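Structural description and commentary
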Amino acid sequence: SDLVDECARLNVDNGATLNLFARRLREAGRLSQKGRGRGAAHMTYLDAARFLIACGATDHPERAVEAEAAFSGALLFENNLLPRLFDVEKGARFDDVLASLLQLIAEGEIDRRNAEQYRERGFTIAPVLDVRIGRGGGSAYIRALEATLSFFHPTMILAMKSADYFEAKPYWAGWETDTLRFRTGKNLSAEFDGRILRPIANLIAGQ
């Protein structure tokens with residue numbers, strides 16, 4: 001409920017819709033199960049990542065589970081300067097890397113590295129923090145400081161790695177089957193920047 005309240009305050013969506021997103025994801029086992037007292041589940045960075053992914057991938061709570069599964073499973077395909085920030089390899093899942101980003105924000109690592117980057121220049125600017133979810137193709141992107149990470153649906157990656165059109169054709173067909181249902185005639189992408197990522201990361205950390 002705290003995560004829902006914070007996302008509502010940040011205008012991710014209205015509270016009633018966000019509650020329904022959370023309920024559907026929890027029923028499907030994609031969020032930590034709530035409880036009472038000492039047995040109550042504590043929110044994790046992965047919970048927050050999956051919740052944001054679902055909200056970014058679709059506007060319809062009844063499709064939250066399938067949308068979250070499809071986009072969380074997008075795989076890291078391209079990156080630049082990756083080892084300088086994220087300790088992950090190509091093929092890492094989008095939900096896992098987004099959870100790592102939230103943890104880096106909450107622990108102050110993003111701000112520390114940003115300060116180091118600008119110390120010798122005599123000035124500083126706010127660190128780049130940007131997460132984009134492309135509803136039209138099952139893709140996602142993370143920009144943090146100097147790192148840019150691209151995530152694509154597994155069948156798209158197989159198609160791009162194919163030797164020719166004939167080898168790629170069945171993979172493109174599979175990609176369309178898996179992603180076309182999330183496309184609409186408008187609002188084909190969702191974006192979460194530092195104004196949303198920071199409060200959520202701090203909430204999970206109990207700050």
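The present account deals with the structure reproduced in this document. (Residues numbered from 1 in each chain as written. Predicted model: local features only at pLDDT ≥ 70, side-chain atom pairs only at ≥ 80, totals over all residues. Heavy atoms only, no water.)

**Structural notes on helix α1 (residues 2–9)**
Condition: Buried residues are those whose accessible area, probed at 1.4 Å on protein chains only, stays under 20% of the maximum for their type, while exposed residues exceed 50% and partly exposed ones sit between those limits. Under the DSSP-based scheme used, a helix requires at least four consecutive residues in state H or I and a strand at least two consecutive residues in state E, with every element numbered from the N terminus. Picture the helix axis, draw a direction to every C-beta atom, and the arc is the one those directions span. Every residue pair with non-hydrogen atoms within 4.5 Å of one another is taken to be in contact.
L3, V4, E6 and C7 are the residues of α1 that are buried. On an axial view of α1, the arc spanned by its buried residues comes to 165 degrees, and they lie on one face. Turned more than 90 degrees away from the buried face of α1 sit D5 and R9, all of them exposed. Among the structural elements, α2 (15–27), α3 (45–57) and α9 (194–205) are those in contact with the buried residues of α1. Of the residues trailing α1, N11 is marked for its positive phi of about 65 degrees.

**A look at the environment of K90**
On the secondary structure map, K90 appears in the loop between β1 (75–80) and α5 (94–106). Considered as a pair, K90 and R132 are 42 residues apart in the sequence and their alpha carbons are 18 Å apart.

**What to know about the packing of aromatic side chains**
Applicable threshold: Ring geometry is summarised as follows: Phe, Tyr and Trp rings, the Trp one being its six-membered ring, pair when their centres sit within 6.5 Å, and such pairs are stacked at plane angles under 30 degrees, edge-to-face over 60 and tilted between the two.
Per the stated rule, a full pass over the model turns up five aromatic pairs. Each ring, one from F94 and one from F151, has its centre 5.1 Å from the other, and the planes form 50 degrees; the classification is tilted. Of this pair, F94 sits in helix α5 while F151 is found in strand β4 (residues 147–152), placing the two residues 57 residues apart along the sequence. With a centroid separation of 5.6 Å and 80 degrees between ring planes, the pair formed by W172 and W175 is classed as edge-to-face. With W172 and W175 both in helix α8 (residues 165–179) and three residues apart, the pair spans about one turn of that helix. Feature note: the residues F77, Y141 and F152 constitute an aromatic cluster, connected by ring pairs.

On their own, these measurements won't tell you what the molecule is for.
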